[in-house]
Amino acid sequence: LPAEVSVFYKHHINQITEHAIDADKRCYVDTNESPRHFFDADTYGPDPFDSVPIHWSEATVKYTERRLLLSGILPWQVNRSYRALVTAFRERAAQRILRHSSDIGHYLADAHVPLHTTSNYNGQRTGQTGIHAFWESRLPELFAHRYDFLVGRARYIESVIDTIWRIVKDSHALVDSVLSLEAQLNASFPPDRKYGFIERNGQLVRTYSDEYAAAYHEMLNGMVENRMRAAVEVIGNCWYSAWVDAGQPDLIKLQADET
C-alpha cells in the first residue's frame, strides 16, 4: 500500500487482526450472515459462471433472492462490502473503515478457498468429511511459515465485481483437485498413521497427522500458498482501490484527529 494508506492500516493493525474473524462470529447470531461466506457454484448446473448473472439485480430476477441465498451470495457480498468501504473512506469514518476493511478481507479470503465454492464443502458427499478444515486451517498452521507473502505493490482494480467473480471461478476450478488428491492419498496411506492428536486451547484434539498433512501438502503442489498469496494481494488492492474511489482522503490527518 502507498505510504498515506499503509500508515493508517499499520496504526490499526491489531484492531484489524482482532476483528478479521467477526464475520464468522456473526454466523452464530445472525441467520443472514452464513450465506455471505460461500457460493455453491455446482448447484447452478455444469456451466454456472455462464448462467449466473454477476449483478445482484439481474440474478434475483432470474433465480429469486431465496434461491440465491440457499446457494450462497459470497461474490455479491464482496461487492457490497466494497461499496460500504468506499463510503466509509469518503465520509472519513475511521471505525467504519476498519470494520469494512476487516469484513472484506474475510470474505475475499473465503473466496480463495476452493471448498467455499461447492455444495460438497466438507467432503460430506464423497466420504471425506473434515477436509474443509484440513485444507484451510491444518495445512496453513503447519506450513504457512514457509510461504512468501510479499506480493508487490497494491494496484487499482477497475471492476471489483468482475474481479471477485474471476476469483470464485478460479477457486471452483480447483475443487476436483482438492478432493481427488486427498482421496488418492487416503487410498495409499497406512490408516493407522492418518490421524494424530494435537493440543489446541488446552485440549487434545484428534486431527490429521503431521505425516499425512505433509504428504497432502506436497501433492497439492503449492496450491494453498498460491491461494493465500492471491488473497493477500487482492485484499490490499481492494483497500487501495476503495481509498482511490473515495477521492483519496487524507488518512494521516484522520489518524491525527483520532488522537
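Here is what the cut-offs are and how they apply
Residues numbered from 1 in each chain as written. Predicted model: local features only at pLDDT ≥ 70, side-chain atom pairs only at ≥ 80, totals over all residues. Heavy atoms only, no water. Phe/Tyr/Trp six-rings, centres within 6.5 Å; stacked < 30°, edge-to-face > 60°. Helix = DSSP H or I, 4+ residues; strand = E, 2+ residues; numbered from the N terminus. Buried < 20%, exposed > 50% of the residue type's maximum accessible area, 1.4 Å probe, protein only. Lys NZ or Arg CZ within 6 Å of the ring centre and 35° of its normal. Polar contact = N/O pair within 3.5 Å; in protein donor to acceptor, adjacent residues only side chain to side chain. Contact = heavy atoms within 4.5 Å.

Points about the packing of aromatic side chains
Step number 1: Taken as a whole and judged by the stated rule, the model has 18 aromatic pairs.
Step number 2: With a centroid separation of 4.2 Å and 10° between ring planes, the pair formed by Tyr-9 and Trp-239 is classed as stacked. In this pair, Tyr-9 is assigned in helix 1 (residues 3-11) and Trp-239 in helix 13 (residues 223-245), connecting sequence segments 230 residues apart. Each member of the pair, Tyr-9 together with Trp-239, is buried.
Step number 3: Between Trp-56 and Trp-76, the aromatic rings sit 5.3 Å apart at their centres with planes inclined by 70°, giving edge-to-face as the arrangement. Within this pair, whereas Trp-56 is found in helix 5 (residues 56-63), its partner Trp-76 is found in helix 7 (residues 74-90), the two being separated by 20 residues in sequence.
Step number 4: Through a chain of ring-to-ring contacts, the aromatic side chains of Phe-39, Tyr-44, Phe-49, Trp-56, Tyr-63, Trp-76 and Trp-165 assemble into a single cluster.
Step number 5: Here Arg-206 stacks its cationic end above the ring of Tyr-195, 3.9 Å away from the centre of that ring.

Let's talk about unusual backbone geometry
Step number 1: With a phi close to 75°, Thr-64 is a non-glycine residue in the positive phi region.
Step number 2: With respect to the helices, strands and loops of the structure, Thr-64 is situated in the loop between helix 5 and helix 6 (65-71).
Step number 3: In this structure, Gln-248 is a non-glycine residue whose phi angle is positive, near 55°.
Step number 4: Mapped onto the secondary structure, Gln-248 falls in the loop between helix 13 and helix 14 (251-258).
Step number 5: Its relative accessible area of 45% is what places Gln-248 among the partly exposed residues.

Brief notes about the side chain of Ser-71
Step number 1: Structurally, the position occupied by Ser-71 is in helix 6.
Step number 2: Judged by its relative accessible area of 4%, Ser-71 falls in the buried class.
Step number 3: In terms of polar contacts, Ser-71 uses its side chain to reach the side chain of Thr-43, at 2.8 Å.
Step number 4: With residues up to four places along the chain from it excluded, the contact list for Ser-71 reads Phe-38, Phe-39, Asp-40, Thr-43 and Tyr-44.

Thoughts on the environment of Thr-118
Step number 1: With respect to the helices and strands, Thr-118 occurs in the loop between helix 8 (94-111) and helix 9 (131-143).
Step number 2: Overall, Thr-118 belongs to the buried group, its relative accessible area being 6%.
Step number 3: Separated by 86 residues in sequence, Thr-118 and Leu-204 have C-alpha atoms that sit 30 Å apart.
Step number 4: Residues within four places of Thr-118 in sequence aside, it is in contact with Phe-39, Asp-40, Asp-42 and Val-175.
Step number 5: Only 3.1 Å separates the side chain of Thr-118 from the backbone nitrogen of Asn-120, close enough to count as a polar contact.

Let's talk about the environment of Thr-87
Step number 1: Examined against the element boundaries, Thr-87 turns out to sit in helix 7.
Step number 2: Residue Thr-87 is classed as partly exposed on the basis of its relative accessible area of 29%.
Step number 3: For the pair Thr-87 and Ala-246, spaced 159 residues apart in sequence, the C-alpha to C-alpha distance is 6.8 Å.

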